[in-house]
Amino acid sequence: MEGWDPNTKSTLTRIPFLTTKAGPRDGAAWTQRLKEEYKSLIAYTQMNKSNDNDWFRISASNPEGTRWTGKCWYVHNLLKYEFDLQFDIPITYPATAPELELPEIDGKTQKMYRGGKICLTVHFKPLWAKNCPRFGIAHALCLGLAPWLAAEIPILVDSGAIKHKDDAATSAES
């Protein structure tokens with residue numbers, strides 16, 4: 001964590017690390033891992049809310065905990081831009097990080113793969129590999145999605161690639 005800004009370092013140290021090295025094919029061990037994932041996500045969400053920095057909602061959308069869906073948002077120029085968020089837990093998890101998808105902005109930036117998968121290869125994947133199995137979904141959101149939104153959304157808004165929902169509704173009424 002050398003060279004990280006103090007805020008990121010402080011946030012990361014307060015998200016509980018996970019201990020169970022298990023993926024979706026590992027039966028009872030996977031159930032234990034899911035419990036740890038939920039504890040970590042709850043801690044991260046509570047921390048964000050207490051710091052008035054609430055920016056996502058997700059939940060497992062299947063009983064196995066391998067498909068996750070929700071919403072994430074980013075505030076730019078005092079306007080809230082909200083996006084669908086989804087991802088699947090890879091079979092090789094936790095050795096492989098989940099590929100976070102924002103399907104609504106698919107194709108609007110070069111830092112995205114087909115299907116709306118955000119590009120995390122250069123900066124996040126090596127960090128994930130180094131910290132496996134201690135990192136989980138909350139860490140992927142904190143160190144993957146949050147910086148990606150902060151870097152990309154202002155550019156997409158300023159270039160006109162995405163519009164605020166109020167602007168889109170006004171132009172549709174015209």
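Look up: the structure comes first, before these words.
Residues numbered from 1 in each chain as written. Predicted model: local features only at pLDDT ≥ 70, side-chain atom pairs only at ≥ 80, totals over all residues. Heavy atoms only, no water.

Novice: Would you mind going over the sheet that holds strand S2 (residues 67-76) with me for this structure?
Specialist: Backbone hydrogen bonds are what pair the strands of a sheet, in a parallel or an antiparallel way. A sheet is described by the order of its strands in space; here 3 strands give the open sequence S1-S2-S3, paired in antiparallel fashion. Two strands bound the open sheet, and with one partner strand each, they are strand S1 (56-60) and strand S3 (79-88). Strand-to-strand twist across the sheet, computed as the mean angle between neighbouring axes with direction ignored, equals 10°. As paired strands, S1 and S2 are joined by 5 bridges and run antiparallel to one another. By the bridge assignment for S2, arginine 57 is matched with lysine 71. (Pairing = 2+ DSSP bridges. Helix = DSSP H or I, 4+ residues; strand = E, 2+ residues; numbered from the N terminus. Axes fitted to C-alpha atoms, helices over the stretch in contact; angles between N-to-C directions.)

Novice: Is there a simple way to explain the environment of leucine 78 in this structure?
Specialist: When you line up the elements, leucine 78 lands in the loop between S2 and S3. The exposure class assigned to leucine 78 is exposed, which follows from its relative accessible area of 82%. Between the alpha carbons of leucine 78 and histidine 164 there is a distance of 11 Å; along the sequence they are 86 residues apart. (Buried < 20%, exposed > 50% of the residue type's maximum accessible area, 1.4 Å probe, protein only.)

Novice: Quick question: what am I supposed to make of the state of the cysteines here?
Specialist: Here, disulfide denotes a covalent bond that connects the sulfur atoms of two cysteines. Considering all chains together, one arrives at 0 disulfides under this definition. Cysteine 142 supplies the cysteine sulfur nearest to cysteine 132, a cysteine that is in no disulfide, at a spacing of 18 Å. (Disulfide = S-S within 2.5 Å.)

Novice: How do you make sense of the packing of helix H2 (residues 28-50) against helix H4 (residues 137-158) when you look at a structure like this?
Specialist: The packing of two helices is summarised by the inter-axis angle and the distance between the axes. It is at 7 Å that the axes of H2 and H4 come closest, and there the two elements cross at 40°. Viewed along their axes, H2 and H4 adopt a mutual orientation that is oblique. On H4, the residues that touch Glu37, Ser40, Leu41 and Tyr44 of H2 are Ile137, Ala138, His139, Leu141 and Cys142. A class-by-class count of the residues in the contact of H2 with H4 yields 6 nonpolar, 2 polar and 1 charged. (Parallel < 35°, antiparallel > 145°, perpendicular 65-115°, else oblique. Contact = heavy atoms within 4.5 Å. Nonpolar A, V, L, I, M, F, W, Y, C, P; charged D, E, K, R; others polar.)

Novice: For this particular structure, what's the right way to read the nonpolar core?
Specialist: Counting 43 residues, the largest nonpolar core has Leu102, Leu141 and Leu145 as the members making the most contacts within it. Broken down by secondary-structure element, the contributors of at least two residues to this core are H2, S1, S2, S3, helix H3 (124-130) and H4. At 12 residues, H4 tops the list of elements feeding residues into this core. Apart from the residues within four sequence positions on either side, leucine 145 is in contact with Trp55, Cys72, Leu85, Leu100, Leu102, Ile118 and Ala140. (Core = buried A, V, L, I, M, F, W, Y, C linked by side-chain atoms within 4.5 Å.)

Novice: Is there a simple way to explain the side chain of serine 40 in this structure?
Specialist: Examined against the element boundaries, serine 40 turns out to sit in helix H2. Judged by relative accessible area, serine 40 falls into the buried class, the value being 1%. Ignoring any residue separated from it by four or fewer positions in sequence, one finds serine 40 in contact with Ile15, Pro16, Leu18, Ala138 and His139.

Novice: How do you make sense of H4 when you look at a structure like this?
Specialist: In an α-helix, one turn spans 3.6 residues; hence positions three or four apart end up facing the same way. Between its terminal C-alpha atoms H4 stretches 30 Å, which fits the 32 Å expected from 22 residues at 1.5 Å a residue. Where H4 bends most, the angle comes to about 30°, and this point is leucine 145, followed within four residues by the proline proline 147. A large share of H4 lies buried, amounting to 16 of its 22 residues. Of the residues trailing H4, glycine 160 is marked for its positive phi of about 85°. (Expected span 1.5 Å × (residues − 1). Bend = angle between axes of the 7 residues up to and from the residue.)

Novice: Help me understand the pairing of S3, please; the structure alone is not making it clear to me.
Specialist: Two faces make up the sheet, and in a regular strand the side chains alternate between them. For S2 and S3, the ladder comprises 10 bridges, and the chain directions are antiparallel. Bridging from a neighbouring strand, histidine 76 pairs with leucine 79 of S3.

Novice: How do you make sense of H2 when you look at a structure like this?
Specialist: Between the first and last C-alpha of H2 there are 33 Å, a value that for 23 residues agrees with the 33 Å anticipated at 1.5 Å per step. When we look at burial in H2, the residues that qualify are Trp30, Arg33, Leu34, Glu36, Glu37, Ser40, Leu41, Tyr44, Thr45, Met47 and Asn48. Looking at the packing, one finds that the buried side of H2 touches helix H1 (6-14), S1, S2 and H4. Positive backbone phi, approximately 55°, marks aspartate 52, located one or two places after H2.

Coordinates in, geometry out; function isn't part of it.
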